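Each chain is listed here by its residues.
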Amino acid sequence: MREVAVIGIGISKFGELWDQSIRDIFAEAALSAMKNANIKKIDALYVGSMSSGLYTMQEHLSSLMTDYIGQRGAAGFRIESACASGGSAMRLAYLEVASGMSDIVLAGGVEKMWDVDDGSAILATASDQEYEAYHGVTFPGLYAMMAKLYMHRYGLTREELAQIPVISHKHAVNNPNAQYPFEITVDTVLKSSLVADPLRLMDCSPITDGAACVILCPLEMAKDFTDKPVKVKAVGAATGTIALHDHKDIIRLDAVRLAAERAYKASGLSPQDIDFVEVHDCFSIAQILVAEELGFFSFGEGGKALAEGQGTYGGKIVINPSGGLKAKGHPVGATGIAQIVEAVIQLRGEAGKRQVNNAKFGMTQNMGGSGGSCVVHILEAL
Amino acid sequence: MANSQRYTREIPHRYRLEAQKFKSGFVSLSRRYVDPETGEQEYEKIILKGTGTILTYTVIYVSADAFSKQTPFVIAIIETDEGARLTAQVVDCEPEEVRIGARVELVFRKIINEGHSGIINYGYKAVLI
């Protein structure tokens, strides 16, 4: 296997992009990534999208997107693993380069979520349709059941949980690509409307249109294209049960733990070596559970530690310098790649006011559904 | 929306709580072919008694459109006395009465109307006992 580097990144605006279609936002990100990498041609494209069919009635993104970024003829694949579609596309693009099959591969993700009104039913297709969604449970509802049990078992208070989105928004202020680059207070969270008790609107990541792309090539070729290649040090992927009720322990995310273990093993690194991590905080409680599974905090202690600021600048580890899904936005299929984009910006030292000092190793964690699939990447500054 | 085939093949578990008990003792309400822990493929069919305990729950205030007339409603993860896990609404009570650890019984109820010309969906819901 060859070593692989990221040589270019591109990201669209994140938000309610009423004037742009799914192909417009993908093209914006892809062309920007190709320009950033100084390349004109790609060998293959992997595009992650959770549900372009239900959101926009458009499938067959492999053909559509390669054509509309001027790469007709290149190999193209659309990858789906619910909210982990982007991270999955990254893993497969990485494998294609590492294996020697191709030299220049684009890994991208896109979701156009504001073309429909009843998005809840579409998101719920990532849960078990016959045994969960049939009974009316929503995604906020699934994570709310995790939050309820975590608070019951470990004594985390509603006020402590509210600190998580407050910190995310603080980080997003310094991210020009964020959907919500402004601060909120604990009071904003506690007074926002109930979505699924105990989760309120400000515990939930938003509905977002957006796309993100990165360009991969063999590490030995990377210097031909950029002065600041970022190495893809390791990837770990795993699956868990699709239904939350089938988790052995409702609040343990086995797929996340397995994916992280595999990435740590492949890289020879441990949690102490990681300088920052972009985690899949689709809901406030998710950031806590994931930070524990990744090994940054002991089980049951992550909630209070994060509420005390252990996940921000000056704490144990910087979590979601980008603002995370909560404040940067969560275009579902694009999120896994947007996390890679943030990691590359940090490892290049180009993050401005949100720069994590002396960042050497960055991790990304992208998760599908209520923990049914997970992809973890570790990237390294060279 | 489901057509009649998709709906009727789920009737055994939804109407009658037909489940599978594998050799290891693992019980699944969802139709499976393999015991996820042991890999064993042999099982016997059992009918769940319908009694169980709430492991966790939530009150849904914002739902998919098909459920919007029912909000707010309680959804719980329940472990039946046989050990099967399932997700179901908890009804005939105020949300404040629901607790982690509360005992429930599954009953046969209407779930939703699937639009004007769709199927009326039935299945299990839980009541406190």
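Residues numbered from 1 in each chain as written. Chains lettered and ligands numbered in written order. Predicted model: local features only at pLDDT ≥ 70, side-chain atom pairs only at ≥ 80, totals over all residues. Heavy atoms only, no water.

Trainee: Whenever I open this one, the overall build of chain B confuses me. Can you help?
Mentor: Helix and strand counts for chain B stand at 2 helices and 8 strands. Going from the N terminus to the C terminus, chain B shows its helices and strands as α-α-β-β-β-β-β-β-β-β. Considering only C-alpha atoms, chain B reaches an extent of 45 × 35 × 20 Å along its principal axes. Burial statistics for chain B: of 129 residues in total, 45% are counted as buried. Across chain B, every contact between residues at least 6 apart in sequence was considered, and the portion connecting residues at least 24 apart equals 48%. Split by element, the accessible area of chain B, about 6700 Å² in all, is 49% carbon and sulfur. (Helix = DSSP H or I, 4+ residues; strand = E, 2+ residues; numbered from the N terminus. Buried < 20%, exposed > 50% of the residue type's maximum accessible area, 1.4 Å probe, protein only. Contact = heavy atoms within 4.5 Å. Areas by Shrake-Rupley, 256 points an atom, 1.4 Å probe, with all protein chains shown as cover.)

Trainee: Is there a simple way to think about the packing of helix α1 (residues 22-36) of chain A against helix α3 (residues 61-68) of chain A in this case?
Mentor: When two helices pack together, their arrangement is captured by the angle between the axes and the distance separating the axes. All names here are of chain A. Running from N to C, α1 and α3 point in directions that differ by 55 degrees, and their axes come no closer than 10 Å. Accordingly, the angle class assigned to the pair α1 and α3 is oblique. When you trace α1 past α3, the crossing you get is right-handed. On α3, the residues touching I22, R23, F26 and A27 of α1 are L61, L64, M65 and Y68. Residues of the contact of α1 with α3, tallied by class, amount to 7 nonpolar, no polar and 1 charged. (Axes fitted to C-alpha atoms, helices over the stretch in contact; angles between N-to-C directions. Parallel < 35°, antiparallel > 145°, perpendicular 65-115°, else oblique. Left-handed = near helix turned anticlockwise from the far one by under 90°. Nonpolar A, V, L, I, M, F, W, Y, C, P; charged D, E, K, R; others polar.)

Trainee: What exactly am I supposed to notice about a nonpolar patch on the surface here?
Mentor: The grouping of W18, W114 and I207 of chain A at the surface amounts to a nonpolar patch, some 340 Å² of accessible area in total. The class for W18 of chain A is exposed, based on a relative accessible area of 67%. (Patch = residues over 30% accessible without salt bridge, like charges linked within 9 Å, V, L, I, M, F, W, Y side chains within 5 Å. Salt bridge = Lys/Arg side-chain N within 4 Å of Asp/Glu carboxyl O.)

Trainee: What should I look at first to understand the interface of chain A and chain B in this one?
Mentor: Put simply, an interface is often sized by how much accessible area is lost when its parts join up. If you look at the interface, chain A gives 29 residues, while chain B gives 36 residues. Note on chain A versus chain B: buried area summed over both sides is about 2900 Å², and carbon and sulfur give 56% of it. Viewed at the interface, chain B and chain A are joined by 4 salt bridges. With a closest N to O distance of 3.0 Å, R32 of chain B and D246 of chain A form a salt bridge. Put simply, the parts of the chain that give the side of chain A that touches chain B at least two residues each are α5 (119-123), α6 (139-154) and β5 (194-197) of chain A. Among the elements that take part in the side of chain A that touches chain B, α6 of chain A stands out by supplying 6 residues, more than any other. Each residue belonging to the side of chain A that touches chain B can be placed in one class, and the counts come to 13 nonpolar, 9 polar and 7 charged. (Buried area = accessible area lost by both parts, 1.4 Å probe.)

Trainee: Where do I start with the sheet that holds strand β2 (residues 27-28) of chain B in this structure?
Mentor: To summarise the sheet geometry, strands pair through backbone hydrogen bonds and adopt either a parallel or an antiparallel arrangement. Residues and elements named next belong to chain B. Pairing within the open sheet is antiparallel, and its 3 strands lie in the order β2-β1-β3. In this open sheet, the two strands that pair with only one neighbour each are β2 and β3 (43-47). Here strand β1 (residues 18-22) runs beside β2; their pairing, made up of 2 bridges, is antiparallel. Considered in β2, the bridge of Q20 is made with S28. (Pairing = 2+ DSSP bridges.)

Trainee: Would you take a moment to explain the sheet that holds strand β8 (residues 230-239) of chain A for this structure?
Mentor: Residues and elements named next belong to chain A. Taken in spatial order, the 10 strands make up an open sheet running β3-β2-β4-β7-β1-β8-β12-β11-β9-β10, and their pairing is mixed. Taken across any chain shown, the strands that pair with only one partner, and hence form the sheet edges, are β3 (75-79) and β10 (318-319). As paired elements, strand β2 (residues 44-48) and β3 share 5 bridges and run parallel to each other. Bridge assignment links Y46 to a residue of β3, and that residue is F77.

Trainee: Mind showing me how you'd approach the state of the cysteines here?
Mentor: Linking two cysteines covalently via their sulfur atoms produces the bond known as a disulfide. What the rule picks out here adds up to 0 disulfides over all chains. Residue C282 of chain A stays outside any disulfide, its sulfur separated by 6.5 Å from that of C83 of chain A, the closest cysteine. (Disulfide = S-S within 2.5 Å.)

Trainee: Please clarify how the packing of aromatic side chains should be interpreted in this entry.
Mentor: Summed over all chains, the structure comprises 11 aromatic pairs over all chains. Seen in terms of ring centroids, F108 of chain B and Y122 of chain B are 5.6 Å apart; in terms of plane orientation they differ by 10 degrees. Their pairing is stacked. Of this pair, F108 of chain B sits in strand β7 (residues 103-113) while Y122 of chain B sits in strand β8 (residues 120-128), and the two are 14 residues apart along the sequence. Residue class for F108 of chain B comes out partly exposed when judged on its relative accessible area of 44%. The exposure class of Y122 of chain B is partly exposed, given its relative accessible area of 29%. Among the aromatic residues, those joined into a cluster by ring pairs are Y7, Y15, F108 and Y122 of chain B. The lysine or arginine in question, R23 of chain A, covers the ring of Y68 of chain A, its NZ or CZ lying 4.6 Å from the ring centre. The ring of F361 of chain A has K360 of chain A sitting right over it, with the charged end atom 5.8 Å from the ring centre. (Phe/Tyr/Trp six-rings, centres within 6.5 Å; stacked < 30°, edge-to-face > 60°. Lys NZ or Arg CZ within 6 Å of the ring centre and 35° of its normal.)

Trainee: How do you make sense of the domain arrangement of chain A when you look at a structure like this?
Mentor: Residues and elements named next belong to chain A. Per the domain assignment, the segments of chain A are domain 1 (4-118 + 207-222) and domain 2 (136-204 + 231-381). Facing 44 residues of domain 1, the contacting portion of domain 2 comprises 30 residues. Between domain 1 and domain 2 the total buried area reaches about 2700 Å² when both faces are included, carbon and sulfur atoms providing 69% of it. Among the residues of domain 1 in contact with domain 2, I9, F14 and C83 are the three that bury the most area, contributing 24% of the side total. Linking domain 1 with domain 2 are 0 salt bridges, by the criterion used here. Applying the counting criterion to the domain 1 and domain 2 interface returns 11 residue pairs in polar contact (both at pLDDT 80 or more). It is strand β1 (residues 4-11) that contributes the most residues to the side of domain 1 that touches domain 2, 8 residues altogether. The residue inventory of the side of domain 1 that touches domain 2, partitioned by class, reads 23 nonpolar, 16 polar and 5 charged. (Domains from an automatic or database assignment. Polar contact = N/O pair within 3.5 Å; in protein donor to acceptor, adjacent residues only side chain to side chain.)

Trainee: Which parts of the structure should I look at to understand the side chain of E342 of chain A?
Mentor: Residue and element names in this part refer to chain A. Secondary-structure assignment places E342 in helix α14 (residues 335-348). A polar contact is formed between the side chain of E342 and the side chain of R354, at a distance of 2.7 Å. Beyond its immediate sequence surroundings of up to four residues, E342 is in contact with N175, E278, P321, S322 and R354.

Trainee: Help me out: how do you make sense of the pattern of salt bridges in this one?
Mentor: Should the charged atoms of two oppositely charged side chains come close, the side chains can pair. All names here are of chain A. Here the structure, examined in full by the defined rule, presents 29 salt bridges over all chains. One salt bridge in this structure joins D203 and R158, with 2.7 Å as the shortest N-O distance. You can see D203 sitting in the loop between β6 (199-200) and β7 (210-218) and its partner R158 sitting in helix α7 (residues 158-172), a full 45 residues away along the chain. Connected through salt bridges with shared partners, the residues R252, D254, R257 and E293 form a single ionic network.

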